[in-house]
Each structure stands twice: as structure tokens, then as C-alpha cells.
Amino acid sequence: QVQLVESGGGLVQAGGSLRLSCVVSGSVCAIRDTDWYRQAPGKTRELVANSHSGGGRFSVSKDNAKNTVYLQMNSLKPEDTAVYYCNVEVRQCDYPNFIAVWGKGSLVTVSS
């Protein structure tokens, strides 16, 4: 049983920064890839960053010791307002395969 618990969302002014956390709980022996998505009202869910990307306003990192992954968001704009979801590839200790697990979402609101 694997569960992702998201935190760090909230209200932030334009130009500010925010860091979302995604804690992986359960019998997990490895974390491999992390994707972060967002979905704004009236729009489809889109990929915003993953563990293989870099150089943009959004970046992904992880702390294996804490079983936690992060999305760092800088220079936020009102158009970034959305519900953000983490999707993490994990390997349970009793199984050989990695599986992708979704968080339940965290609302980020950027005001002007």
C-alpha cells in the first residue's frame, strides 16, 4: 500500500515562490521518476515538470532519506493558478516492478 500526501499549496502573490511537497508513505524501497502536473479550470491536465527536466521556473527534486519529492515554483504568475498533482514512480519492497502513484492534488492560487 502506497500513498502520496501533498502539502505546500496556498495563496501567493505574483512574482513569489512556493514549494510543494509530496511525501511517499508505505512499504516503498525505491523512488525513481517524479512528474508534476497541473489542471486549471476549463483546461486539461498538463505536465509542468519532471525529475529529468531543469532550467525553467519549475524544478523537481527529491530527498530519498525522507521519501519526499518537491516541486519548486519561482516567479509565479496568475496563469499558474491550478491544482497541482504529483505522480511518482515507486517500487514496493515485495514487488519487482515500479508503479506510478498519484497524489490527490494541492491548490495553488497566484494573485496579481
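I will try to describe carefully the structure that is included in this document.

### A few points about the side chain of Ser21
Note on placement: Ser21 falls in strand E3 (residues 18–26). Residue classification places Ser21 among the buried residues on the basis of a relative accessible area of 13%. Other than its neighbours up to four places away in sequence, Ser21 contacts Val5, Glu6, Ser7, Trp36, Thr68, Val69 and Tyr70.

### Thoughts on the packing of aromatic side chains
One pass over the full model with this rule turns up two aromatic pairs. Taking the centre distance of 5.1 Å and the plane angle of 45° together, the rings of Tyr37 and Trp102 count as tilted. Here Tyr37 is found in strand E4 (residues 28–39), whereas its partner Trp102 is found in strand E9 (residues 98–102), with 65 residues between them in sequence. For Trp102, a relative accessible area of 39% gives the class partly exposed. Aromatic side chains Phe58 and Tyr84 sit 6.3 Å apart centroid to centroid with 70° between the ring planes, which places their arrangement in the edge-to-face category. Here the residue Phe58 occupies a position in strand E6 (residues 58–63), and Tyr84 occupies one in strand E8 (residues 82–92), the gap between them amounting to 26 residues.

### Focus on the pattern of salt bridges
Going through the model one piece at a time under the given rule, you end up with four salt bridges. Between Arg32 and Glu89 there is a salt bridge, with its nearest N and O atoms 3.4 Å apart. With a gap of 57 residues between them, Arg32 in strand E4 and Glu89 in strand E8 connect regions that are remote in the sequence. On the basis of relative accessibility, which here comes to 47%, the residue Arg32 falls in the partly exposed class. Judged by its relative accessible area of 23%, Glu89 is partly exposed. For Asp80, the salt bridge goes to Arg38, with nearest N and O atoms at 2.9 Å. Taken together, the positions of Asp80 in the loop between strand E7 (68–73) and E8 and Arg38 in strand E4 put the pair 42 residues apart, joining distant regions of the chain. Each of the two residues, Asp80 as well as Arg38, counts as buried. Salt bridges sharing partners connect three or more residues here, namely Arg38, Glu46, Arg57 and Asp80.

Parameters and conventions
- Sequence order as written defines residue numbering, which begins from 1 separately in each chain.
- pLDDT decides what is reported in this predicted model: residues at 70 or higher carry local features, side-chain atom pairs at 80 or more are listed and counted, and totals for whole chains, interfaces and linings draw on all residues regardless.
- To obtain the side-chain values, all non-hydrogen atoms of the structure were included, while hydrogens and water were left out.
- Here a strand is any run of E in DSSP of at least two residues, a helix any run of H or I of at least four, and the numbering for each starts at the N terminus.
- Relative accessible area decides the class of each residue, using a 1.4 Å probe on protein chains only: under 20% of the type maximum gives buried, over 50% gives exposed, and in between gives partly exposed.
- Contacts were defined at the residue level, with two residues in contact if any of their heavy atoms lie within 4.5 Å.
- Any Phe, Tyr or Trp ring, taking Trp's six-membered ring, that has another such ring centre within 6.5 Å forms a pair; planes under 30 degrees apart are called stacked, those over 60 apart edge-to-face, and the others tilted.
- One speaks of a salt bridge when a side-chain nitrogen belonging to Lys or Arg is within 4 Å of a carboxyl oxygen belonging to Asp or Glu.

These figures come from the coordinates and say nothing about function on their own.
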